[in-house]
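Understanding the architecture of this molecule
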Amino acid sequence: MSAESRSTLKGHFNTGDKPTEAQFANLIDSGLNLTDGGTVAGIAIFSSHITASGNISASGTIIANSFQSTVGEELDLTSDATIDINAVIVDIDASDNITLDAADDIALTTSTADGLITLHSAHTAGQAILIDANANAGSILDIDAGILDIDVQG
């Protein structure tokens, strides 16, 4: 038995038709059976929520307006290769800390002549920004600037 298109299936069930056993079997095999599994060919549009208790995988692109974790849960993007984010603007907001950890280098780079990197702290007392390059007595903090302008108030 095989899956058939809707128009073909409808052609077997017109007034006065006597569908065969094979045509009935094709009708059943052409629908998605959530118990037996199956493949949806083409685009499937769901007008409500999809809930899965296991993994959801795709061999192509997943397009969504939002990815969210449940309340209090961690949202993980995990890969054994590169995670590449391409966007006009990347805006990361957190109600608490943001931590970047890397086993190797972390680079902040702008690619245009007017690109600016800003480290700004709204901290009002005590240590506001720390540059710690003292992992070893031989560690070097290298500041390479055309003009070095340092302003202090205290």
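Further up the page is the structure itself.
Residues numbered from 1 in each chain as written. Predicted model: local features only at pLDDT ≥ 70, side-chain atom pairs only at ≥ 80, totals over all residues. Heavy atoms only, no water.

**Some points on the overall build of the chain**
The number of helices and strands found in the chain is two helices and zero strands. Its C-alpha radius of gyration of 29 Å places the chain more than 25% over the 15 Å reference for a compact globule of 154 residues. The principal-axis extents of the C-alpha atoms in the chain amount to approximately 95 × 35 × 30 Å. Relative to its 154 residues, the chain shows a buried fraction of 3%. Surface accessibility of the chain: about 15,600 Å² in total, with carbon and sulfur atoms responsible for 51%. (Helix = DSSP H or I, 4+ residues; strand = E, 2+ residues; numbered from the N terminus. Rg over C-alpha atoms; globule rule 2.2 N^0.38 Å. Buried < 20%, exposed > 50% of the residue type's maximum accessible area, 1.4 Å probe, protein only. Areas by Shrake-Rupley, 256 points an atom, 1.4 Å probe, with all protein chains shown as cover.)

**Remarks on the environment of T20**
On the secondary structure map, T20 appears in the loop between α1 (6-11) and α2 (21-29). Residue class for T20 comes out partly exposed when judged on its relative accessible area of 39%.

**Concerning the side chain of H12**
You can see H12 is positioned in the loop between α1 and α2. Side-chain polar atoms of H12 contact the side chain of Q23, separated by 2.7 Å. Filtering out sequence-adjacent residues up to four positions away, H12 remains in contact with E4, D17, P19 and Q23. (Polar contact = N/O pair within 3.5 Å; in protein donor to acceptor, adjacent residues only side chain to side chain. Contact = heavy atoms within 4.5 Å.)

**As for α2**
Within α2 the residues assigned to the buried category are Q23, A25 and N26. All buried residues of α2 project into a common sector of 160 degrees when viewed along the axis, lining one side. Opposite the packed face of α2, turned more than 90 degrees from it, sit the exposed residues E21 and I28. The inward-facing, buried residues of α2 abut α1. (Arc of directions from axis to C-beta.)

**A short note on the layout of surface pockets**
One number sums up the size of the largest pocket: a volume of about 1,500 Å³. Approximately 1,000 Å³ is the volume attributed to the second largest pocket. Across the lining of the second largest pocket, the residue classes break down as eight nonpolar, one polar and three charged. (1 Å grid on protein atoms, 1.4 Å probe; cavity = no way out; pocket = protein on both sides within 12 Å on 5 of 7 lines; lining within 4 Å. Points joined across faces, edges and corners; volume = space filled by probe spheres on them. Nonpolar A, V, L, I, M, F, W, Y, C, P; charged D, E, K, R; others polar.)

**Focus: the packing of aromatic side chains**
Taken as a whole and judged by the stated rule, the model has one aromatic pair. For the ring pair F13 and F24, a centre distance of 5.3 Å and an interplane angle of 70 degrees mean the geometry is edge-to-face. Within this pair, whereas F13 is found in the loop between α1 and α2, its partner F24 is found in helix α2, the two being separated by eleven residues in sequence. Under the relative-accessibility criterion, F13 is labelled partly exposed at 32%. (Phe/Tyr/Trp six-rings, centres within 6.5 Å; stacked < 30°, edge-to-face > 60°.)

**Overview of a nonpolar patch on the surface**
A contiguous nonpolar patch, built from L77, I83, I85, V90, I92, I98, L100 and I106 and spanning about 880 Å² of accessible area, is present on the exposed surface. Of note, L77 is situated in the segment after α2. For L77, a relative accessible area of 67% translates into the label exposed. (Patch = residues over 30% accessible without salt bridge, like charges linked within 9 Å, V, L, I, M, F, W, Y side chains within 5 Å. Salt bridge = Lys/Arg side-chain N within 4 Å of Asp/Glu carboxyl O.)

**Observations regarding the side chain of N26**
When you line up the elements, N26 lands in helix α2. Within the local environment of N26, its side chain forms a polar contact with the side chain of E4, the two groups lying 3.2 Å apart.

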